[in-house]
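Spelled out, the chains give:
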Amino acid sequence: MNSHQKRTPPKMDMYLRAGIQLLFFLFLPSAFTTAFSGIQSVFTQLGNSSPVVCSAFVTVLLALCAYTIIFGRFFCGYACAFGTLGDAVHSLYLLICKKRKKKPVQLKKSWRKPLSFLKYLILTVIVLLCFSGVYANMKGWNPWDVFSMLRASNLKLSGYGLGCILLVLILMGMAVCERFFCRFLCPMGAVFALLPVLPLFSVRRNRSSCIKRCSACERICPADLSLPDTGSGIVNGDCFQCQKCIRICPKSSAQSGRGKLRGNEMWFTLLRAAILAITLILAGI
Ligand code: SF4
Ligand code: SF4
Ligand code: SF4
C-alpha cells in the first residue's frame with residue numbers, strides 16, 4: 001500500500017479493536033478455555049489408548065486452528081478473553097504510572113527472546129501430563145479455570161488456591177509486560193505459533209517506502225517482531241495480528257495482505273471478526 005491509498009484512521013482502528021475485544025469478552029469469553037480443554041481431551045484419550053471423540057472441546061480447538069491457518073492469529077489479537085484481560089491490565093498499569101509520574105517497570109529486552117520458548121515447554125509438560133493421566137487429578141492449580149469461574153461470577157474457589165496465586169502472578173506479569181502471558185506462557189499460543197499459517201494476511205512492510213532509520217513498528221510491537229518485507233513468504237508465528245505496527249506507521253508502509261488483497265481495512269477487520277464469531281458459534285461454544 002502506498003501513502004496515496006486510503007487507510008483506516010489509526011484512532012478509529014484502535015477503537016474498532018477495543019470494541020471487538022469487548023464484544024468477544026462479553027459474549028464469547030470461553031473460546032480460549034474451551035480450545036485448551038480440547039488439547040487436554042485429545043491427549044488424555046490418546047494416553048488411554050481410546051479413540052479420540054470429537055467433543056465440543058475438540059471441535060472448538062479444530063475450528064480455531066483452521067481459522068488461524070487462514071487468517072493468522074486474529075483470535076489472539078482481537079478475540080481471546082485472556083489476551084483482552086492482559087491488554088486491559090497493562091493499559092491500567094501504564095495509566096497509573098502516568099498519573100503518578102513514575103517510569104513503568106520493563107522486562108529486560110535480552111530476557112524476552114529466551115523466555116518466549118517457555119510456552120513450548122509448558123505445552124509439552126501439559127501434553128505429557130494429559131497423556132499420562134496425571135493432569136485430570138490436578139484440579140485446582142489451573143489459573144484459567146479460576147479465570148473462567150470468576151468470569152462466570154462463581155466465587156466457590158476453595159481448592160483453587162494454587163490457581164488463584166498463579167492467576168495473580170500472571171496478572172502482575174501482564175501489567176508490567178504487554179502480552180506477558182501470551183508471549184511467554186500460553187500453551188494455546190504455543191499451538192497457534194506452531195501452526196502452518198498461510199501468508200495471506202500476515203503483516204509486512206515495504207522497505208522501499210520506509211523512512212530512513214525508522215523502527216517505530218518494531219518498537220511498538222508487543223512481540224518485538226521485525227516485519228518481513230513485502231513479497232516475502234515468511235509468517236512469524238508469534239505475531240498476534242494486533243495491527244499496532246500498521247497503525248503507527250507514518251508512511252503506510254506496513255500492511256497486511258498480499259497484492260491487492262489487503263487485510264488491514266476496517267471492513268475486513270469486521271468481516272474477520274464476524275467469521276470468527278460464526279465459526280465459534282457453529283463449533284458449539
Ligand atoms: S496467546 Fe493464549 S492467552 Fe494470548 S491471546 Fe492467544 S490464546 Fe489467548
Ligand atoms: S513504522 Fe513504517 S516507515 Fe517505519 S520502519 Fe516500520 S514500516 Fe517502515
Ligand atoms: S505489532 Fe504487528 S508484527 Fe507485532 S504482533 Fe502486532 S501485528 Fe504482529
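In this text, all values refer to a predicted model and were calculated from it rather than measured experimentally. (Residues numbered from 1 in each chain as written. Chains lettered and ligands numbered in written order. Predicted model: local features only at pLDDT ≥ 70, side-chain atom pairs only at ≥ 80, totals over all residues.)

1. Describing the overall build of the protein
- For the protein, the count of helices and strands is 14 helices and 3 strands.
- Its C-alpha atoms give the protein a radius of gyration of 19 Å, near enough to 19 Å, the size a compact globule of 285 residues would have.
- Across its three principal axes, the protein shows a C-alpha extent of roughly 60 × 45 × 35 Å.
- For the protein, the proportion of contacts with a sequence separation of at least 24, taken over those separated by at least 6, is 73%. (Helix = DSSP H or I, 4+ residues; strand = E, 2+ residues; numbered from the N terminus. Rg over C-alpha atoms; globule rule 2.2 N^0.38 Å. Contact = placed C-beta atoms within 7 Å.)

2. Quick look at the nonpolar core
- The biggest cluster of nonpolar side chains holds 69 residues, and the ones touching the most others in it are Ala31, Phe32 and Val60.
- With residues up to four places along the chain from it excluded, the contact list for Ala31 reads Val60, Leu64, Ala79, Cys80, Leu280 and Ile285. (Core = buried A, V, L, I, M, F, W, Y, C linked by C-beta atoms within 7 Å. Buried ≥ 20, exposed ≤ 12 C-beta atoms within 10 Å, placed from the backbone.)

3. Re the site of ligand 3
- With respect to spatial proximity, 14 residues lie near ligand 3, and among them Cys221, Cys239, Cys242, Lys244 and Cys245 are the closest.
- Residues of the shell around ligand 3, tallied by class, amount to 11 nonpolar, 2 polar and 1 charged. (Near = placed C-beta within 6 Å. Nonpolar A, V, L, I, M, F, W, Y, C, P; charged D, E, K, R; others polar.)

4. Remarks on the packing of helix H7 (residues 118–132) against helix H11 (residues 187–194)
- H11 packs onto H7 with a crossing angle of 105° between their chain directions and a minimal axis gap of 8 Å. The angle between H7 and H11 falls in the class roughly perpendicular. Residues Lys119, Tyr120, Ile122, Leu123 and Ile126 of H7 touch H11, and the partners they reach there are Pro187, Gly189, Ala190 and Val191.
- Among the residues forming the contact of H7 with H11, the class breakdown is 7 nonpolar, 1 polar and 1 charged. (Axes fitted to C-alpha atoms, helices over the stretch in contact; angles between N-to-C directions. Parallel < 35°, antiparallel > 145°, perpendicular 65-115°, else oblique.)

5. What about the site of ligand 2?
- Taken together, the residues surrounding ligand 2 are Arg205, Cys210, Ile211, Cys214, Ser215, Ala216, Cys217, Ile248, Cys249, Lys251, Ser253 and Ala254.
- Of the residues assigned to the shell around ligand 2, the class counts are 8 nonpolar, 2 polar and 2 charged.

6. A few points about the sheet that holds strand E1 (residues 203–205)
- Taken together, the 3 strands give an open sheet; going across it, the order is E1-E2-E3, and neighbouring strands pair in antiparallel fashion. With one partner strand each, in any of the chains shown, E1 and strand E3 (261–262) form the two edges of the open sheet. (Pairing = 2+ DSSP bridges.)

7. Digging into the environment of Ser226
- One can find Ser226 in the loop between helix H12 (216–220) and helix H13 (244–248).
- Take Ser226: there are 11 C-beta atoms within 10 Å of it, and that puts it in the exposed class.

8. Some words on the packing of helix H8 (residues 143–151) against helix H9 (residues 161–176)
- Between H8 and H9, whose axes approach to 7 Å, the crossing angle comes to 90°. Between H8 and H9, the interaxial angle falls into the category roughly perpendicular. Contact residues: H8 offers Pro143, Asp145, Val146 and Phe147, while H9 offers Gly163, Cys164, Leu166, Leu167 and Ile170.
- Of the residues in the contact of H8 with H9, the class split is 7 nonpolar, 1 polar and 1 charged.

9. Re helix H5 (residues 81–99)
- Across its 19 residues, H5 extends 27 Å between first and last C-alpha, which sits within 8% of the 27 Å expected from 1.5 Å per residue.
- Buried residues of H5: Ala81, Phe82, Gly83, Thr84, Leu85, Gly86, Asp87, Val89 and His90, and no others.
- Taken together, the buried residues of H5 touch helix H1 (10–27), helix H2 (31–47), helix H4 (74–79), H8, H9 and helix H10 (180–184).
- Two residues or fewer after H5 comes Lys101, characterised by a positive phi angle close to 55°. (Expected span 1.5 Å × (residues − 1).)

10. Considerations on the environment of Met138
- By the secondary structure assignment, Met138 is in the loop between H7 and H8.
- Among the residues examined, Met138 registers 13 C-beta atoms within 10 Å and is labelled partly exposed.

11. Details of unusual backbone geometry
- Its identity is not glycine, yet Ser49 carries a phi of approximately 60°, on the positive side.
- Along the chain, Ser49 turns up in the loop between H2 and helix H3 (56–71).
- Judged by local crowding, Ser49 falls into the exposed class, with 6 C-beta atoms found within 10 Å.
- Unlike most non-glycine residues, Ser153 shows phi in positive territory, near 55°.
- Checked against the element boundaries, Ser153 lands in the loop between H8 and H9.
- We classify Ser153 as exposed; it has 6 C-beta atoms within 10 Å.

12. Topic: H2
- Under the 1.5 Å per step criterion, the end-to-end length of H2 is 24 Å for 17 residues, consistent within 8% with the ideal 24 Å.
- Counting buried residues along H2, 12 of its 17 residues qualify, which places the element largely inside the surrounding structure.
- Within H2, burial applies to Ala31, Phe32, Thr33, Thr34, Ala35, Phe36, Ser37, Gly38, Ile39, Val42, Phe43 and Thr44.
- Looking one or two residues past H2, Ser49 carries a phi angle of roughly 60°, positive in sign.

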